[in-house]
Amino acid sequence: MKVLVINSGSSSIKYQLINMENESVLAKGLVERIGIEGSRLEQEVAGEEFEIEEEIADHEVGMELVINTLTDDDKGVISDVDEINAVGHRVVHGGEYFDSSVIVDEDVKEKIKESSNLAPLHNPANLMGVEVCEELIPEAPQVVTFDTAFHQSIPEQAYMYALPYEYYEDYSVRRYGFHGTSHKFVAQRTAEEMGEDIEDLKIITCHLGNGASVAAVKNGKSYDTSMGLTPLEGLMMGTRCGDLDPAAVPFIMEKEDLSPQEMDEVMNNKSGFLGVSGISSDTRDIEEAAEEGNERAQLALDMFAYRVRKYIGSYAAAMNGVDAVVFTAGIGENAIAMREDICADLDYLGIEIDEDKNDVRGETQEISSDGAEVKVFTIPTNEELVIARDTKELVAE
Ligand SMILES: Nc1ncnc2c1ncn2[C@@H]1O[C@H](COP(=O)(O)OP(=O)(O)O)[C@@H](O)[C@H]1O
Ligand SMILES: CC(=O)OP(=O)(O)O
Ligand SMILES: [Mg+2]
């Protein structure tokens with residue numbers, strides 16, 4: 001059975017074609033910098049890599065390019081889309097509807113659409129991925145896996161906002177949390193690396209990508225997480241502002257004469273690294289500019305590290321301790337200096353990283369200093385594998 005997995009982030013599409021008999025990856029690729037200058041597709045088949053540089057304006061163009069590349073006579077890995085037996089998709093917001101993966105039907109699509117205003121950078125792209133596959137791979141059943149599912153275990157005291165209670169009852173306004181598939185996967189991998197039972201551990205998982213969130217995973221369950229009703233709360237991100245005084249929102253709307261939609265656009269698309277630096281949403285561009293002496297780029301990096309550090313401290317407090325901290329996703333796996341900055345001044349918690357061990361990108365590695373009380377790891381996330389397993393299971397039923 002061959003499963004195609006589509007993982008659309010806000011600026012990327014990651015995909016894998018997996019042979020589920022032995023979970024071997026037949027092809028693996030990444031469309032990155034969607035809508036940003038320098039967009040490209042990178043694909044690896046049997047250890048051989050190639051790149052297509054093209055203007056990829058949006059996720060629809062990206063999805064079509066993925067399917068054309070997989071079936072390409074030269075570069076592809078299958079001769080026809082019929083060889084794909086099922087497709088699994090990441091969907092970011094499941095609202096209160098879904099606490100596990102499901103097979104796609106009209107009702108599921110309708111509910112994904114309904115939750116779109118709560119994940120405006122993601123759900124529309126996720127749904128479009130489903131629709132492109134319906135058209136181009138019509139025979140394959142499709143499954144969706146939700147970012148929100150793992151966080152359903154968060155206790156009430158952590159998921160409620162201190163607003164009038166009716167807003168929860170009437171509109172389901174509460175913390176949902178995102179990147180759940182990734183937080184769950186890396187927490188499990190951390191326990192394996194430590195040779196411990198996850199039930200006995202307090203783990204802080206830092207998923208730092210274009211979208212970024214931190215989770216407190218206590219005894220194998222999500223206990224709290226930094227994203228909220230939408231993927232806007234919490235850390236500063238590529239183009240998202242993260243935490244701010246809610247009173248700043250109506251204040252700015254009044255000053256700038258902005259509608260709710262326009263303000264939403266400012267906070268989701270024009271803030272974060274991009275807004276503070278005025279340069280780019282991509283940490284690589286910001287690091288380069290900071291090295292050349294750009295002060296706002298340096299400020300953006302400092303703000304990001306500081307905020308991650310504050311969340312680590314607060315989740316250690318929330319769980320009454322921490323056994324391990326793990327870094328994952330684009331920034332977490334690759335930005336060496338950023339991991340060092342985040343972990344600076346956390347020694348009071350027993351968190352100290354080793355400069356030599358930390359000199360690593362995209363690999364599973366323990367990076368804490370010898371003898372440090374808290375183990376720190378970098379672990380590449382693999383949302384695709386989790387989605388493929390769920391897809392196989394549901395399609396087989
Ligand atoms: N080598 C690198 N060094 C620093 N940052 C990197 C590196 N590679 C990727 N990144 C950062 O990771 C981000 C993408 O992370 P990713 O987890 O793929 O995000 P998403 O899934 O939200 O699209 C990029 O925007 C960039 O900021
Ligand atoms: C939920 C979210 O922010 O996802 P991503 O990091 O893929 O943008
Ligand atoms: Mg992602």
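Residues numbered from 1 in each chain as written. Chains lettered and ligands numbered in written order. Predicted model: local features only at pLDDT ≥ 70, side-chain atom pairs only at ≥ 80, totals over all residues.

An unreviewed UniProt entry annotates the protein chain as Acetate kinase of Halanaerobacter jeridensis. Here is the UniProt Subunit (unreviewed entry) comment for the protein chain, exactly as written: "Homodimer." (UniProt positions renumbered as here; feature names shortened; annotations may be inferred.)

### Some points on the site of ligand 1
In the neighbourhood of ligand 1, 16 residues make up the surrounding shell, with Gly9, Gly209, Asn210, Thr283 and Gly330 lying closest. Of all the secondary-structure elements, those providing two or more residues to the shell around ligand 1 are helix H10 (283-291) and helix H12 (329-334). (Near = placed C-beta within 6 Å. Helix = DSSP H or I, 4+ residues; strand = E, 2+ residues; numbered from the N terminus.)

### With respect to the UniProt feature "binding site: substrate" (unreviewed entry) in the protein chain
Per the UniProt annotation, the sites labelled "binding site: substrate" (unreviewed entry) are Arg90. Mapped onto the elements of the fold, Arg90 is located in strand E6 (residues 86-91). Exposure remark for Arg90: the 27 C-beta atoms within 10 Å place this residue in the buried category. Excluding anything up to four places from it in sequence, Arg90 contacts Ile6, Asn7, Ser8, Asn126, Thr145, Asp147, Thr181, Glu383 and Ile387. (Buried ≥ 20, exposed ≤ 12 C-beta atoms within 10 Å, placed from the backbone. Contact = placed C-beta atoms within 7 Å.)

### What to know about the packing of helix H2 (residues 106-114) against helix H3 (residues 123-136)
Helix-helix packing: each pair is described by the crossing angle between the helix axes and the interaxial distance. Relative orientation of the contacting elements H2 and H3 amounts to 160°, with a least axis distance of 9 Å. It follows that H2 is roughly antiparallel to H3 by the angle criterion. The element H2 and its partner H3 pack so that their crossing is left-handed. Here Lys109, Ile112 and Lys113 of H2 come into contact with H3, specifically with Asn123, Asn126, Leu127 and Val130. Its residues assigned to classes, the contact of H2 with H3 comprises 3 nonpolar, 2 polar and 2 charged. (Axes fitted to C-alpha atoms, helices over the stretch in contact; angles between N-to-C directions. Parallel < 35°, antiparallel > 145°, perpendicular 65-115°, else oblique. Left-handed = near helix turned anticlockwise from the far one by under 90°. Nonpolar A, V, L, I, M, F, W, Y, C, P; charged D, E, K, R; others polar.)

### What about unusual backbone geometry?
Phi at Glu23 takes a positive value of approximately 55°, unusual for a residue other than glycine. Along the chain, Glu23 turns up in the loop between strand E2 (13-19) and strand E3 (24-32). Here Glu23 falls in the exposed class, since 12 other C-beta atoms lie within 10 Å of it. With a phi angle near 55°, His179 is a residue other than glycine that sits in the positive phi range.

### With respect to the nonpolar core
Judged by nonpolar contacts, the single largest core of 105 residues is most densely connected at Ile204, Val214, Val308, Ile312, Val325 and Val326. With 10 residues, helix H11 (residues 295-318) is the largest single contributor of residues to this core. Among all residues touching Ile204, those that are not within four sequence positions of it are Val214, Ala216, Ile312, Tyr315, Ala316, Val322 and Val325. (Core = buried A, V, L, I, M, F, W, Y, C linked by C-beta atoms within 7 Å.)

### Observations concerning H3
The terminal C-alpha atoms of H3, which comprises 14 residues, lie 20 Å apart, in line with the 20 Å expected from a rise of 1.5 Å per residue. Listed as buried for H3 are Asn123, Ala125, Asn126, Leu127, Gly129, Val130, Val132 and Cys133. Those residues of H3 hidden inside the fold are in contact with strand E1 (2-8), helix H1 (59-70), E6, H2 and strand E8 (142-146). (Expected span 1.5 Å × (residues − 1).)

### Things to note about the sheet that holds strand E12 (residues 324-328)
Pairing is mixed across the open sheet formed by 6 strands, whose spatial order is E11-E10-E9-E12-E14-E13. Looking at the sheet topology across the chains shown, the edges are occupied by strand E11 (221-225) and strand E13 (365-366). Pairing between strand E9 (residues 202-208) and strand E10 (residues 212-218): 7 bridges, direction antiparallel. Across the sheet, the residue bridging to Leu208 is Ala212, located in E10. On the sheet, helix H6 (residues 180-194) packs against E9, E10, E11, E12, E13 and strand E14 (375-378) and is oriented at approximately 130° with respect to E9. (Pairing = 2+ DSSP bridges.)

### Notes on the sheet that holds strand E7 (residues 102-103)
One open sheet accounts for 8 strands, arranged E5-E4-E3-E2-E1-E6-E8-E7; its pairing is mixed. Both outer strands of the open sheet, strand E5 (48-53) and E7, are each paired with one neighbouring strand and no more. Bridging between E6 and E8 involves 5 bridges; their strand directions are parallel. For His89, the partnering residue across the bridge sits in E8 and is Val144. Across the face of the sheet, H3 comes into contact with E1, E6 and E8 while running at roughly 170° to E6.

### Comments concerning the environment of Ile379
One can find Ile379 in the loop between E14 and helix H14 (383-396). Those residues in contact with Ile379 that lie beyond four places of it in its chain are Val186, Arg189, Thr190, Val326, Thr328 and Thr364.

### Things to note about the environment of Gly313
Examined against the element boundaries, Gly313 turns out to sit in helix H11. Owing to 17 C-beta atoms within 10 Å, Gly313 belongs among the partly exposed residues under this scheme.

### Re H14
The end-to-end C-alpha distance of H14 is 20 Å, a good match for the 20 Å that 14 residues give at a rise of 1.5 Å each. For H14, the full list of buried residues reads Glu383, Glu384, Val386, Ile387, Ala388, Asp390, Thr391 and Leu394. As for H14, its buried residues are in contact with E1, E2, E6, E7, E8 and H6.

### A look at the site of ligand 2
Around ligand 2, the neighbouring residues are Gly9, Ser10, Val92, His122, Asp147, Phe178, His179, Gly209, Asn210, Gly211 and Pro231. Across the shell around ligand 2, the residue classes tally to 3 nonpolar, 7 polar and 1 charged.

### Some details on the pairing of E3
Consecutive side chains along a regular strand alternate between the two faces of the sheet. The sheet contact formed by E2 and E3 spans 7 bridges and is antiparallel. Looking across to E3, one finds that Lys14 is bridged to Leu30. Where E3 lies against strand E4 (residues 40-45), 5 bridges are found, and the strand directions are antiparallel. Pairing of Lys28 across the sheet is with Glu44, part of E4.

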